[in-house]
Amino acid sequence: MNPDCRRSLLPSALAALGAGFVMGLGHNGSFVLDDAQTIVNNPLIHVTALDRDSLFTAAASFQAGHGSRPLAMASFALDFWRHGGLDAAAFKATNLLIHVLTTFALARMLRMLLVLAGWSERSATTGAVAIALAWGVHPLQVSSVLYVVQRMQTLSTFFVVLALWAYLALRQAQMKGRPAWPWGLTAGGCWLLGMLSKEDAVLFPLYCLLLELTVLRFRALQPWRSKSLRRMYLVLALGGTGLFFLWVLPHYWSWQAYPGRDFNSVERLLTQSRILVMYLGQMLLPLPSLMPFNYDTFSVSRGLLSPPATLAALLLLAGLLAWAWRWRQRRPVFSLGILLFFAGHLITSNVIPLELVFEHRNQLPLIGILLALGDLLQAGITRWQLSGRQVAIGLTATMLAIGSAGAFRAWHWGEPIRFVEYSVRISPDSPRAWLALAGTWFDSYKESRNNTDLDRAIAASEEGAKRTGSPSAYANAILYKSMRSTATPADWQHLFRRLNEVPIGPPEKDILWNNLKNVRAGIPLDRDQVIRLISILVRRADFSPVEDIQIGAFLYTQSEQPQLALPYFIRAARALPHGDPAIGQVLGALQARGQDDWAQSIRRANAAQDMSIRH
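Residues numbered from 1 in each chain as written. Predicted model: local features only at pLDDT ≥ 70, side-chain atom pairs only at ≥ 80, totals over all residues. Heavy atoms only, no water.

What follows concerns the overall build of the protein chain. The number of helices and strands found in the protein chain is 28 helices and 0 strands. Relative to a compact globule of 615 residues, whose C-alpha radius of gyration would be 25 Å, the protein chain shows 28 Å and is just as compact. Dimensions along the principal axes, computed over C-alpha positions, put the protein chain at roughly 85 × 60 × 55 Å. Burial analysis of the protein chain (615 residues in total) assigns 51% to the buried set. In the protein chain, of all internal contacts separated by at least 6 residues, the share reaching a separation of at least 24 is 71%. By element, 61% of the accessible surface of the protein chain is carried by carbon and sulfur atoms, the whole surface being about 28500 Å². (Helix = DSSP H or I, 4+ residues; strand = E, 2+ residues; numbered from the N terminus. Rg over C-alpha atoms; globule rule 2.2 N^0.38 Å. Buried < 20%, exposed > 50% of the residue type's maximum accessible area, 1.4 Å probe, protein only. Contact = heavy atoms within 4.5 Å. Areas by Shrake-Rupley, 256 points an atom, 1.4 Å probe, with all protein chains shown as cover.)

Here the focus is the pattern of salt bridges. Taken as a whole and judged by the stated rule, the model has 19 salt bridges. For the salt bridge of Asp443 with Lys446, the shortest nitrogen-to-oxygen distance reads 3.5 Å. Here Asp443 and its partner Lys446 are both found in helix H19 (residues 431-448), 3 residues apart, which amounts to about one turn of the helix. Given the relative accessible area of 40%, Asp443 is considered partly exposed. When the shortest N-O distance is used, the salt bridge between Arg484 and Asp455 registers 2.7 Å. A residue pair is termed long-range when its members are at least 10 positions apart, and Arg484 in the loop between helix H21 (471-482) and helix H22 (489-501) and Asp455 in helix H20 (residues 451-468) qualify at 29 residues. The class for Arg484 is partly exposed, based on a relative accessible area of 30%. (Salt bridge = Lys/Arg side-chain N within 4 Å of Asp/Glu carboxyl O.)

Turning next to helix H17 (residues 388-413). Spanning 26 residues, H17 covers 37 Å between terminal C-alpha atoms, matching the ideal 38 Å at 1.5 Å per step. For H17, every residue scored as buried is listed here: Val391, Leu395, Met399, Ile402, Gly403, Ala405, Gly406, Ala407, Arg409, Ala410, His412 and Trp413. Structurally, H17 contributes buried residues whose contacts are with helix H2 (9-23), helix H7 (121-137), helix H8 (142-145), helix H16 (363-384) and helix H18 (416-426). (Expected span 1.5 Å × (residues − 1).)

Right under this line is the structure:
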């Protein structure tokens, strides 16, 4: 480590601490959204003893990913064990530590990159620290750092940054003819850890290819190594392209709407063009009011001109890509930054049927845009011959502006009611924002038993239902009012009308399951109205055989019309294989209650299904 490199350690550390301070303003916030499923209601991470079996079980407990992301899941278990319970602040503290470490590593990695790109030692240090600080305090980072479950993303980003740093060290060693294999092992190990945190770390080889195409140019002291690098990346590029067209595209492409979504593959790709432009706007103009966190009202692009902004967005993105490619030799750092932005969104803005918008997807792409801006600024400083004092004043003002915006947003995340009220204020047409507001007041009521909090939950649900037409808001209003025994038939009629008007997706089906759960929990919901709710949703949505059994079990045990359960059991029996364990359980329960005639009807339906399969 040369003296200039050593002198840059302190600024890098200060930038990291600054990022931690700004994001730390939201440290006392609560769990939100997917935190419930992955952490709060996941008993497999609630470990009380730090043993191998408990950690392995916790590591494999990410249900949505079929056991993937084990490193992130194990870290949640360690947080639970360390604190001895579910304290959101304890989990957020680990997220903050990861963010601080990533900011420091980013400053070090960027300094090496800029030196390799030909910047002077001093300019490289200043540029790297400024970019890392801007990245660390940017308000777009708040929902990645303070949304606990997004540790999967932040941990993956941390290891990818470390892997890129090691890759640059490897390539620098190759250019100088020094042993490089230790750096190769380090890069590979960090890449693996990134993959164990979240799957999008698989893009690391693509990031390395972009480094070669722009800044590194496949340079090496020995000509044979340069040729080997070119051949290796050609093979990787062809392999990746083949994998996409031969497996990813056939596997995920759909001309019809994806299950549980209201868009198909074409519409998703068209919509992503507008989303990417929105992300660019948030990065370049980092106002918290432009980052609502809830994007459930983002409209789907149904065609190039529906809305017209779709075509404009596609043209803008194509122009930006062309600009970056054209400048890859003239301004390689700028070119790299733009290409990194697009590469970072290659998975999440493609045909995989993920939710359309999430801010945490910009963790690594934000590095690219800030890198491109930093290179343009460096070009401007050189062209206009700005003095060191002018540059210092400009950078200080910029960092204060970005940091203030980040602090303002993080502060709102630091208190649950403040967060949800601000979310509704900046996104008043978002059903998700209103649901969060009502749910937060209801959570407060459960802790305090203060009737005023329940009144506020009811008021927020009714206002949200009126403003957005959300069936979930109508359902919540009924739930909260039922606890007061004030729910009316008119309240149920509002819910039924909306359920007959809107497309039925997972949120609408969740209304059914929540009602069944709440009846079993003893909440005085009108059971006749719940039966009508079942009939509406069963008529309008597809339910699996196991779900039919669950509905039948509820009607048989919890309603005053148990005879309504038999058609659901028979329908499940017709769909399941002969002798399926789920049908066996139903038969056993019915026979124990003396319903032999029902059991016989279900057996015949199951046997008839088996005969139809054979024929």
